[in-house]
Structures are given as structure tokens and as C-alpha cells.
Amino acid sequence: MAHGDVGLELGARVAGALRRGLGVEITPVEAVVRPSTREGADYQCNAAMSLAKRIGKAPREVAQAIVDHLDAADMVEPPEVAGPGFVNLRLRDEWLRARAAGLLGDPRLGVPAAEEPRRYALDYSSPNVAKEMHIGHLRSSIIGDAVLRLLRFAGHEVTPHNHLGDWGTPFGMLIEHLVDEGHSADTGISDLNRFYQEARAKFDADPAFAERSRARVVALQGGDEATLTLWRELVGESTRYFQKVYELLGILLTPGDIYGESFYNPYLDAVIEDLDAKGLTTISDGAVCVFPPGFANREGDPLPLIVRKSDGGYGYASTDLATARYWAAERGMSDLLYVVGMPQAQHFQMVFAASRQAGYLTDAHTAVHIGFGTILGEDGKTIRTRAGGSVKLVELLEEAVQQAAKTVAERSSLDSDRQVEVARAVGIGAVKYADLSNDREKDYVFTWSRMLAKEGNTSVYLQYANARAHSVLRKAGQEPAGEVLITEPAERALVLKLLQLPAALAATVEAYAPHKLCAYLYEAATAFTAFYDTCPVLRSDVPAETRASRLVLTKVTSDVLTLGLDLLGIAAPHEL
RNA sequence: GCCCUCGUAGCUCAGCGGAUAGAGCAGGAGCCUUCUAAGCUCUUGGCCGCAGGUUCGAGUCCUGCCGAGGGCGCCA
């Protein structure tokens with residue numbers, strides 16, 4: 001039972017009124033019906049003012065025409081014109097009650113599925129083989145995963161792909177080091193960071209080793225089978241490690257989603273030839289370049305995308321062009337999404353521009369760089385360990401779980417096994433929510449005390465509200481069913497908020513902006529706790545119909561919170 | 001030097017061209033014989049960086065300036 005955005009539904013009614021009253025055609029979106037903060041108004045229509053000039057009438061006159069011709073008596077109370085030409089709309093309680101009751105048992109909670117599903121290729125996470133994941137991979141993994149869940153729920157086909165750094169010059173020294181170590185079974189590379197650093201140190205100190213490493217790169221790229229076997233071992237070990245991190249973080253990526261740099265390697269020559277055949281390439285200082293229009297360097301000269309280095313090697317521009325071509329042309333995707341930090345914004349603009357020049361992307365395709373800001377330490381600078389190194393992701397997550405466990409131990413009455421699970425849900429949820437609840441394009445400050453706070457706009461607040469709802473449901477001794485009644489203001493406010501999930505999700509998906517969903521969920525949780533506070537459900541003096549109605553509202557609220565948290569990749573335990 | 005992003009309450013952040021700019025934290029005052037107080041209610045606190053412009057209407061759009069961060073050819 002999909003209903004969608006209440007504001008758009010009202011917008012459609014307003015559009016009808018304008019057509020009948022003034023012969024003006026507008027779309028429901030153009031009716032600009034928005035939730036109102038005014039006393040007594042649930043929504044307000046702002047269309048009259050902007051239309052006034054266009055049709056040569058006074059704003060209030062237009063507003064009055066909307067009011068006079070509005071066919072929405074089933075939905076709203078008789079509307080009124082206010083101020084310079086606002087039309088204030090108050091939903092009828094009967095309508096709210098029926099809608100709210102319709103949410104019970106609806107797995108989509110009123111959210112319609114996309115009418116025209118699209119095919120998305122979503123690039124996120126992208127760690128490097130033979131390197132431990134660090135805090136720099138956190139945002140891409142968390143945001144990308146949320147986008148994946150959100151788009152899928154919206155009814156689209158989404159193919160995630162993990163662009164592993166699994167190719168290039170460092171692998172010469174890594175493989176050579178693996179050979180030196182006399183690697184067998186599970187010794188040697190399980191500590192990835194140490195392994196990488198050892199190889200690096202040897203490369204810098206030992207010219208003979210460096211020479212062997214360079215030869216090894218050539219062997220690797222030449223397809224030498226013995227070398228490839230060792231390389232696969234490195235990749236395999238890393239993949240197993242990434243999978244553990246993803247599992248800890250609750251990220252949906254699997255080994256099957258890996259499309260590393262090596263995957264695109266066989267396509268690179270063809271891409272360069274193709275660009276060349278289309279007359280897009282220029283040789284500059286020995287490098288093969290594409291100059292997409294509109295980009296300049298510091299001297300004001302055209303800025304190149306170097307598709308083949310002067311030494312004949314390939315850089316990330318080549319790989320990214322091959323990636324675009326592969327997903328759009330070979331896999332038939334309509335939309336290419338890249339969850340990569342903001343500093344790469346210009347690079348992606350250039351890659352997209354060149355891809356369009358080359359015809360890899362057409363008007364039927366969209367390509368979006370879902371950029372994100374940097375995680376800052378409490379000093380406002382890029383976060384680092386005291387030693388100045390990058391913060392290891394696993395250590396950070398373990399600390400989050402540990403800190404959460406302390407609070408859980410103080411508060412929870414669950415047995416210790418279940419407390420472990422709850423601490424994980426709370427700790428990991430806190431890290432994810434702190435990230436997702438900020439506008440992704442901005443930098444944000446990573447603060448333990450704030451993200452794990454026992455109060456305020458945190459994941460714990462949402463999880464706690466949900467747990468309280470479940471507690472009521474557990475103790476009710478009856479299944480939620482029946483009519484929804486509205487007697488208390490808190491009940492009305494909650495119903496109104498629950499019906500805004502479709503609008504919140506639509507806004508979230510449209511802008512790939514999970515923080516909009518976070519804001520909505522926090523409002524919903526706030527509305528619920530106010531309801532919880534003033535509207536007893538199970539108390540003996542509550543009439544049976546009221547009890548049943550409130551159980552329905554409690555159930556729908558917990559469904560909304562659980563779904564919302566799930567779309568963010570955050571667990572919603574029934575008990576804390 | 002050019003380009004991009006960001007400047008909103010003491011702090012951390014929302015804010016879709018619309019009415020008197022909202023939350024959380026911190027500060028102040030209250031609320032547990034009652035479904036989880038990780039909660040609720042009330043309250044203090046704003047030249048929306050500055051200056052122009054567009055508009056019936058600007059925190060939001062445009063221009064300039066100031067401040068912070070990032071990018072600007074063979075790392076990815």
C-alpha cells in the first residue's frame with residue numbers, strides 16, 4: 001500500500017484547484033507544499049506568491065482561488081489564506097487515522113518503489129591490498145553502504161563494486177618480499193602493515209632488492225604465472241582481512257564485489273586506442289593526454305588527464321576511464337556513482353567530461369561523484385595518531401565497542417552474552433551515525449564523547465527509543481491491531497511524523513544525503529518519546545480501544561526506526 | 001596566481017527562494033509509588049563572516065572582499 005509524500009499529494013490537489021480556478025497548469029512539485037512550523041498548520045502552500053506575477057493577479061487573490069477550488073475536504077480541514085498569500089493546511093484527524101492504520105503491516109511503511117528503476121554501479125570503500133584499512137576508508141565504506149541500501153530499498157538495481165588498490169609498482173616489492181620470506185601457509189602477511197613496511201624498508205635500503213622488485217613488476221604485468229600466483233596470495237590474504245573489517249562494521253560488500261585496478265588492466269590498451277581513434281589524445285612531454293574542455297592548470301593552460309605516462313605505464317585516469325566504459329557500455333548501467341573524498345572532485349569532473357567526449361557516457365547516463373569531507377581530530381586538523389600515523393580502522397572500531405560496553409554494563413540488565421551484542425550495535429552504530437548524520441560534503445570532527453553520548457542526537461537515542469517501543473510491545477500480550485485514535489497532541493504529532501517517512505527518504509535518495517534520513521529519524525524518535533511520556537499504553541486505566549490504538553502507533557514507530565536504521569546500516573536491538 | 005568547498009547560538013551541527021532562523025551539547029529551573037530516566041518539560045543564548053546586487057520575499061541565488069581547508073601533469 002504505497003502512498004508516498006503527503007506534501008506532493010497535497011500539491012496535486014493544489015494543482016487541481018489552480019487548473020479549475022484560474023486555468024493555470026502547474027505540477028505537484030511546483031505547488032511548493034511544505035511542512036509548516038506554524039501553530040495549527042501541518043503544511044503550507046507557497047505557490048500563490050510566485051504565481052501571482054506570472055498570471056497578473058495579487059498573491060492573496062491567487063491563494064484565495066486555491067482555497068475556493070481546493071477539492072481536498074477528505075484530506076484537510078477548510079484551509080485559510082494567511083500573510084502575503086500562504087495557504088495553511090491542516091490534515092483532518094480522520095484522514096491521519098486512516099493513513100496511520102494503513103502503515104501497520106506494510107513492509108514499505110508507505111514508501112512507494114521507484115516507477116522507473118535505474119541500474120546503478122556504485123563504487124565505494126576501495127582499500128589497498130597489503131595495507132591495513134585506516135580511518136581514511138571509513139567514510140567511503142559507511143556512506144557507500146548506506147547509499148547502496150537506500151537505492152535498493154527505493155527499488156533500483158544496484159551493483160556495488162570495490163575498487164581495490166591491487167595493482168601497480170608497490171606489488172613488485174611486496175611479491176619479492178614474499179619470496180624472500182619463504183612464505184608458506186599463513187605466516188608472514190597476516191600482519192599486513194608490518195609486511196608492507198618491511199618491504200618498503202628493504203626497498204629503500206637494498207638496491208639489489210629494489211632492482212628485483214622492479215623486475216617483478218614487469219613480470220607481474222607480463223602475466224608471469226609464478227608471479228601471479230604470489231600476487232593472488234597477497235590479494236587473497238587482504239581480501240579475507242577486509243571481509244573481517246566489513247563484518248565488524250556491518251558493510252554489505254563481499255569478495256564477489258571486488259573489481260580492483262587489476263580487473264581493468266586488460267581494458268586499458270583498448271581504451272587508449274579508442275581515445276586515440278576518436279582524436280581525443282595529444283602527446284605532451286611524452287605522455288598521452290586527453291584535454292577535456294574547461295579545465296586549466298596554474299598557468300592557465302589546459303589541464304590534462306594523463307591516460308598513459310611517458311614511461312608507458314598507466315595511472316588512475318586511465319583506470320577510471322576504463323571503469324566508466326566498462327560499467328556503462330559493457331554492463332549496461334545507467335548511473336555511475338563514486339563514493340570518494342572531496343579532494344578528488346576535479347579529477348572526477350575531468351573523467352566524466354572525457355568519458356562523455358569519448359561516448360562512454362551519453363545523455364542516457366548520469367555520473368555522480370558522491371564526495372565527502374575529511375574526518376578531523378578535536379584540534380580541527382586531519383585526524384592522526386599521536387605518533388602522526390593514520391588511525392587504524394579496526395582499533396578505532398574496537399575502542400568504540402569497548403566504550404559502549406562500559407555504558408551498557410552500567411545500564412543494561414541483560415545477561416553478559418547479550419550485552420556483548422548490544423555493545424557492538426551501540427558502538428558501531430555510534431561511529432556510523434556520527435558520520436552519516438553530518439552533511440557528507442563537509443568535514444566533521446570525530447569526538448568520542450559526542451558520538452557515544454548518552455543523550456542528544458546520536459544513534460543510541462534512536463536505538464533506545466526503539467528498545468522502549470519493543471518493551472511495550474513485548475509486555476502488551478496482544479498483537480497490535482485495529483483503529484488508530486487521536487486524542488492527545490502527542491499522538492497527532494507522532495502520526496504526522498510517521499507519515500513523513502516517504503518524503504524524508506525521497507529527499508535522502510535524491511541527494512545521496514543520508515543525513516537527511518538521520519534528521520528525520522531523530523524527529524520521529526523525539527515525537528515517539530514525547531508520546532511515550534504522555535500517552536500510557538499498558539496502564540490499567542487506559543480504555544481498550546486507546547490501548548490498541550497506541551500499540552499500533554508504537555509498532556509502526558518501531559518499524560519506522562528499525563527500517564531507517566537498517567537503511568543506514570545500523571542495528572536496532574529489541575532490548576538495550 | 002587560477003579553480004573548488006566551507007564560514008549559522010559559547011561548542012557540534014540542521015535549515016528544500018517563503019512567515020518570528022531550528023536541534024543537540026554546555027548553562028539555569030523542574031519531573032521517577034506508573035510501559036526502559038541512555039528519558040521528558042520549561043528556560044537562557046543569533047549584526048546567519050563583511051559589503052553590494054537580483055527578487056513581492058535572501059541564511060539560501062549573483063558579484064566583490066575577508067577568513068579556513070582542498071585541488072592545480074606523469075602517486076592513487
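Is there a simple way to think about the sheet that holds strand β7 (residues 281-284) in this case?
Two modes of strand pairing occur in sheets, parallel and antiparallel, and in both the strands are linked by backbone hydrogen bonds. With antiparallel pairing, the 3 strands of this open sheet are ordered in space as β7-β8-β9. Since the sheet does not close on itself, it has two edges, and those belong to β7 and β9 (305-308), each with one partner. Ignoring which end each strand starts from, the neighbouring axes of this sheet average 45° apart. Taken together, the 4 bridges between β7 and strand β8 (residues 287-290) define a ladder with antiparallel strand orientation. Residue T281 lies in a different strand from β8, and its bridge partner there is V290. With respect to the sheet, helix α10 (residues 261-277) is in contact with β7, β8 and β9, its orientation differing from that of β9 by roughly 120°.

How should I be thinking about the domain arrangement of chain A in this particular structure?
By a widespread convention, an interface's size corresponds to the accessible area lost as its parts come together. Assigned domains within chain A: domain 1 (6-91), domain 2 (119-165 + 263-373), domain 3 (170-251) and domain 4 (393-567). Facing 7 residues of domain 3, the contacting portion of domain 4 comprises 6 residues. Roughly 590 Å² of surface becomes buried between domain 3 and domain 4 when both sides are summed, with 72% attributable to carbon and sulfur atoms. Considering only the side of domain 3, the residues that lose the most area to domain 4 are V245, L248 and L249, jointly responsible for 83% of the buried surface there. At the junction of domain 3 and domain 4, the tally comes to 0 salt bridges. Residues that form the side of domain 3 that touches domain 4 fall into these classes: 5 nonpolar, 1 polar and 1 charged.

Is there a simple way to explain the side chain of T319 in this structure?
You can see T319 is positioned in helix α11 (residues 316-330). When sequence neighbours within four positions are dropped, the list of residues in contact with T319 reads H163, E261, Y264 and L268.

Can you help me understand the pairing of β8 in this one?
In β8, alternate side chains face the same way, and those of A287 and C289 on one face and V288 and V290 on the other are all buried. Linking β7 to β8, which pair antiparallel, is a turn of 2 residues; within it D285 sits at a positive phi near 50°. Here 3 bridges tie β8 to β9, and the two strands are oriented antiparallel to one another. Looking across to β9, one finds that C289 is bridged to I306.

When you look at the nonpolar core in this model, what are you seeing that I'm missing?
In summary, soluble globular proteins display a tendency toward joint burial of nonpolar side chains. With 145 residues, the main nonpolar core has L10, L91, L138, L174, L396 and V431 as its most contacted residues. Considering each element in turn, this core owes the most residues, 10 residues, to helix α9 (residues 225-249). Among all residues touching L138, those that are not within four sequence positions of it are L249, I375, L393, L396, V431 and D435. Membership of the second largest hydrophobic core comes to 34 residues, among which are L303, A322, Y326 and V351.

Where do I start with the sheet that holds strand β4 (residues 86-89) in this structure?
Pairing in this open sheet of 4 strands is antiparallel, and the strands run β1-β2-β4-β3 from one edge to the other. Taken across any chain shown, the strands that pair with only one partner, and hence form the sheet edges, are β1 (33-35) and β3 (80-82). Averaged over all neighbouring strand pairs, the angle between strand axes comes to 35°, with direction disregarded.

What am I meant to see in the confidence of the model for chain A here?
Do not read the predicted coordinates in detail wherever pLDDT is low. Residues at a pLDDT of 70 or more form 98% of chain A, whose mean pLDDT is 94. Among the prediction metrics, the complex's ipTM stands at 0.96, with pTM recorded as 0.96.

Just checking my understanding: could you explain the protein's contact with RNA strand B for this structure?
The environment of RNA strand B is made up of 62 residues, and the closest members are K53, K309, R411, S471 and Y532. Considering RNA strand B, the proportion of its atoms within 4 Å of the protein that are sugar or phosphate atoms stands at 59%. Here N438 contributes a side-chain N or O atom positioned 3.3 Å from a sugar or linking oxygen of RNA strand B. Between RNA strand B and the protein, one listed contact pairs a phosphate oxygen with a side-chain N or O atom of R468 at 2.3 Å. Of all elements in the fold, only α2 (47-55), β4, β8, α13 (393-411), β13 (444-445), α16 (459-476) and α19 (514-534) reach the threshold of two or more residues within the surface near RNA strand B. Within the surface near RNA strand B, the residues separate by chemical class into 25 nonpolar, 18 polar and 19 charged.

How do you make sense of the environment of P293 when you look at a structure like this?
Looking at the element boundaries, P293 is found in the loop between β8 and β9. Linking P293 and P304, residues 11 residues apart in sequence, is a C-alpha distance of 9.6 Å.

Help me understand helix α17 (residues 489-498) in this model?
It helps to recall that an α-helix has 3.6 residues per turn; residues three or four apart then point in one direction. Across the 10 residues of α17, 8 count as buried, placing the element largely inside the fold. For α17, the set of buried residues is A490, E491, R492, L494, V495, L496, K497 and L498. Against the buried residues of α17 lie β2 (43-45), α4 (93-103), α18 (501-510), α19 and α20 (544-568).

Help me out: how do you make sense of the pattern of salt bridges in this one?
Side chains bearing opposite charge may pair, as long as their charged atoms lie close to each other. For the structure shown, the criterion picks out 31 salt bridges. R99 serves as the salt-bridge partner of E9, at 2.9 Å between the closest nitrogen and oxygen. Of this pair, E9 sits in helix α1 (residues 6-22) while R99 sits in helix α4; the two residues are 90 residues apart in sequence, bridging distant segments of the chain. For the pair E9 and R99, a shared accessibility class is recorded, and that class is buried. In this structure, D145 engages R149 in a salt bridge whose closest nitrogen and oxygen atoms are separated by 2.9 Å. Residue D145 and its partner R149 are located together in helix α5 (residues 138-153), separated by 4 residues, close to a single helical turn. Note on accessibility: D145 and R149 belong to one class, buried. Several salt bridges share partner residues, and in doing so they unite E176, D180, K202, R212 and R216 into one network.

Whenever I open this one, unusual backbone geometry confuses me. Can you help?
If a residue is not glycine, its phi is most likely negative; likewise, a peptide bond is most likely trans. If you check the backbone angles, L109 has positive phi at about 50° while not being a glycine. Residue position: L109 is located in the loop between α4 and β5 (119-123). Judged by relative accessible area, L109 falls into the buried class, the value being 3%. For S126, which is not glycine, the phi dihedral falls at a positive 50°. The residue S126 is located in the loop between β5 and α5 in this model.

Would you mind showing me how to read α20 here?
Compared with the 36 Å implied by 1.5 Å per residue over 25 residues, the 36 Å span of α20 between its first and last C-alpha is a close match. Of all 25 residues in α20, 19 are buried, a share of seventy percent or more. Immediately beyond the C-terminal end of α20, within one or two residues, lies G569, with a positive phi of roughly 80°.

Conventions we followed
Residues numbered from 1 in each chain as written. Chains lettered and ligands numbered in written order. Predicted model: local features only at pLDDT ≥ 70, side-chain atom pairs only at ≥ 80, totals over all residues. Heavy atoms only, no water. Pairing = 2+ DSSP bridges. Helix = DSSP H or I, 4+ residues; strand = E, 2+ residues; numbered from the N terminus. Axes fitted to C-alpha atoms, helices over the stretch in contact; angles between N-to-C directions. Contact = heavy atoms within 4.5 Å. Domains from an automatic or database assignment. Buried area = accessible area lost by both parts, 1.4 Å probe. Salt bridge = Lys/Arg side-chain N within 4 Å of Asp/Glu carboxyl O. Nonpolar A, V, L, I, M, F, W, Y, C, P; charged D, E, K, R; others polar. Buried < 20%, exposed > 50% of the residue type's maximum accessible area, 1.4 Å probe, protein only. Core = buried A, V, L, I, M, F, W, Y, C linked by side-chain atoms within 4.5 Å. pLDDT = per-residue confidence, 0-100. Near = heavy atom within 4 Å. Polar contact = N/O pair within 3.5 Å; in protein donor to acceptor, adjacent residues only side chain to side chain. Expected span 1.5 Å × (residues − 1).

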